[in-house]
Amino acid sequence: MTEDDGELSVVVGAGGGVGAALLRVLAARRPRDRLVGIGRRKPADWPGGSVDRAWTFLEADITDEGQIARAAESAAELGRPVRVIVATGLLHGQGVVPEKTMRALDAEVLHQLFAVNAIGPAMVAKHFLPLTPRDRPSLFAALSARVGSLSDNRLGGWYGYRASKAALNMFVATLAVEYRRTHPLGVCVALHPGTVETPLSAPFPAQSTAKARLSPDQSAEALVGVMDGLRPSDSGRFFAWDGRPISW
């Protein structure tokens, strides 16, 4: 992907720590880009418009396909998006706690995790990828997690989160196969943002295998750098925030 003034970029999960940071980084690097943020609620500090850059917020819940479809229709009125980035994720929440043992597995919790971490991003791809241009580079990137790598699972635990992220990885790999048939310059990838200082990772200091946590802005800067360096031959792969490939 290369910089091109006036492009349209979409970030799903605009209210989250990494999603908001991605929008800030894109705005700083590409002052003339049109930016679309999608989330359940408009952030209180949403910047609004400016003379040389348009900011648009679209309300949608990633677990509701109808809302995603309507957001895609609204985004299409602004132009053809060349970047669609899904920065949503669920690790813990009300009634959702990472499992330490199979005895803690709960069907309802698994449904929630798969809805947010795998099915939602797949629905975003379904409705947004057809909007991307066929005659120039485009990108679909979904934030996954290293713990979703089957070959890198050495500690066990976190069944639902691991499995839902592994499912997301398979969605991305499969999307890439279909996408290259109609968009030969397009790229579909899964990205690991690192261990980031956000509410998602805050309760689990002992779970991190990283040497240090990244701030949302540090993660976003690194991720945009990785995305800018991707080529069509990278489609269908899984990369960490530092650009290193992760095995499925």
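As the structure is a computational prediction, the values presented were derived from the model and not from experiment. (Residues numbered from 1 in each chain as written. Predicted model: local features only at pLDDT ≥ 70, side-chain atom pairs only at ≥ 80, totals over all residues. Heavy atoms only, no water.)

## Topic: the overall build of the chain
Consideration 1: Within the chain, the secondary structure is distributed over 5 helices and 7 strands.
Consideration 2: Ordered by position in the sequence, the α and β elements of the chain form the string β-α-β-β-α-β-α-β-α-β-α-β.
Consideration 3: A burial count over the chain gives 49% of its 248 residues as buried.
Consideration 4: In the chain, the share of contacts with a sequence separation of at least 24, taken over all contacts with a separation of at least 6, comes to 69%. (Helix = DSSP H or I, 4+ residues; strand = E, 2+ residues; numbered from the N terminus. Buried < 20%, exposed > 50% of the residue type's maximum accessible area, 1.4 Å probe, protein only. Contact = heavy atoms within 4.5 Å.)

## Considering the side chain of serine 149
Consideration 1: Residue position: serine 149 is located in the loop between strand S5 (138–143) and helix H4 (159–182).
Consideration 2: In terms of polar contacts, serine 149 uses its side chain to reach the side chain of serine 151, at 3.3 Å.
Consideration 3: A distance of 2.7 Å separates the side chain of serine 149 from the backbone oxygen of serine 247, its partner in a polar contact. (Polar contact = N/O pair within 3.5 Å; in protein donor to acceptor, adjacent residues only side chain to side chain.)

## Let's talk about the sheet that holds strand S1 (residues 8–12)
Consideration 1: Across the sheet, 7 strands lie side by side as S3-S2-S1-S4-S5-S6-S7; this open sheet has parallel pairing. If you trace the sheet from one side to the other, it starts and ends with strand S3 (55–59) and strand S7 (237–240), each paired once. On average, each strand axis in the sheet is tilted by 20° relative to the strand beside it, whichever way the strands run.
Consideration 2: Lying over the sheet, helix H5 (residues 216–228) contacts strand S4 (81–86), S5, strand S6 (186–192) and S7, oriented at roughly 150° with respect to S6. (Pairing = 2+ DSSP bridges. Axes fitted to C-alpha atoms, helices over the stretch in contact; angles between N-to-C directions.)

## A short note on the packing of aromatic side chains
Consideration 1: Summed over all chains, the structure comprises 4 aromatic pairs.
Consideration 2: The interplanar angle of 85° and the centroid separation of 5.5 Å between the aromatic rings of tryptophan 46 and tryptophan 55 together place this pair among those described as edge-to-face. Both residues of the pair, tryptophan 46 and tryptophan 55, count as buried.
Consideration 3: Here the aromatic rings of tryptophan 46 and phenylalanine 57 are separated by 5.5 Å at their centres, their planes lie at 70°, and the arrangement is edge-to-face. Of this pair, tryptophan 46 sits in the loop between strand S2 (34–39) and S3 while phenylalanine 57 sits in strand S3, placing them 11 residues apart in sequence.
Consideration 4: For tryptophan 46, a relative accessible area of 13% translates into the label buried.
Consideration 5: On the basis of relative accessible area, phenylalanine 57 is assigned to the buried category, the value being 15%.
Consideration 6: Three or more aromatic residues link up through ring pairs in this structure, and these residues are Trp46, Trp55 and Phe57. (Phe/Tyr/Trp six-rings, centres within 6.5 Å; stacked < 30°, edge-to-face > 60°.)

## A look at the side chain of serine 164
Consideration 1: Tracing the backbone shows serine 164 in helix H4.
Consideration 2: Within polar-contact distance, the side chain of serine 164 engages the backbone oxygen of tyrosine 161 at 3.0 Å.
Consideration 3: When neighbours within four sequence positions are excluded, serine 164 is seen to be in contact with Leu113, Phe114, Asn117 and Ala118.

## Some thoughts on the environment of glycine 79
Consideration 1: Tracing the sequence through the fold places glycine 79 in the loop between helix H2 (65–76) and S4.
Consideration 2: Among the residues examined, glycine 79 registers a relative accessible area of 22% and is labelled partly exposed.
Consideration 3: If sequence neighbours within four positions are ignored, glycine 79 has contacts with Leu8 and Arg34.

## Considering the pattern of salt bridges
Consideration 1: For the coordinates displayed, the defined rule picks out 10 salt bridges.
Consideration 2: Ionic pairing is found between glutamate 65 and lysine 126, a salt bridge with its closest N-O pair at 2.7 Å. On the criterion of sequence distance, the pair formed by glutamate 65 in helix H2 and lysine 126 in helix H3 (residues 107–128) is long-range, its members being 61 residues apart.
Consideration 3: The exposure class assigned to glutamate 65 is partly exposed, which follows from its relative accessible area of 31%.
Consideration 4: For lysine 126, a relative accessible area of 48% gives the class partly exposed.
Consideration 5: For aspartate 242, the salt bridge goes to arginine 244, with nearest N and O atoms at 3.6 Å.
Consideration 6: With a relative accessible area of 37%, aspartate 242 lands in the partly exposed category. (Salt bridge = Lys/Arg side-chain N within 4 Å of Asp/Glu carboxyl O.)

## Focus on the environment of alanine 190
Consideration 1: Note that alanine 190 resides in strand S6.
Consideration 2: Beyond its immediate stretch of four places on either side in the chain, alanine 190 contacts Ala142, Ser144, Asn169, Val172, Arg237, Phe238, Phe239 and Trp248.

## What to know about the pairing of S6
Consideration 1: Counted residue by residue, S6 has 7 buried out of 7 residues, so it is predominantly covered.
Consideration 2: Side chains Gly186, Cys188, Ala190 and His192 project from S6 onto one buried face, and the interleaved Val187, Val189 and Leu191 project onto a second face that is buried too.
Consideration 3: Pairing of S5 with S6, which is carried by 6 bridges, proceeds in the parallel orientation. Counterpart to serine 138 in the pairing with S6 is glycine 186.
Consideration 4: Handedness of the S5-H4-S6 crossover: right-handed. (Right-handed = clockwise from strand over helix to strand, strands pointing away.)

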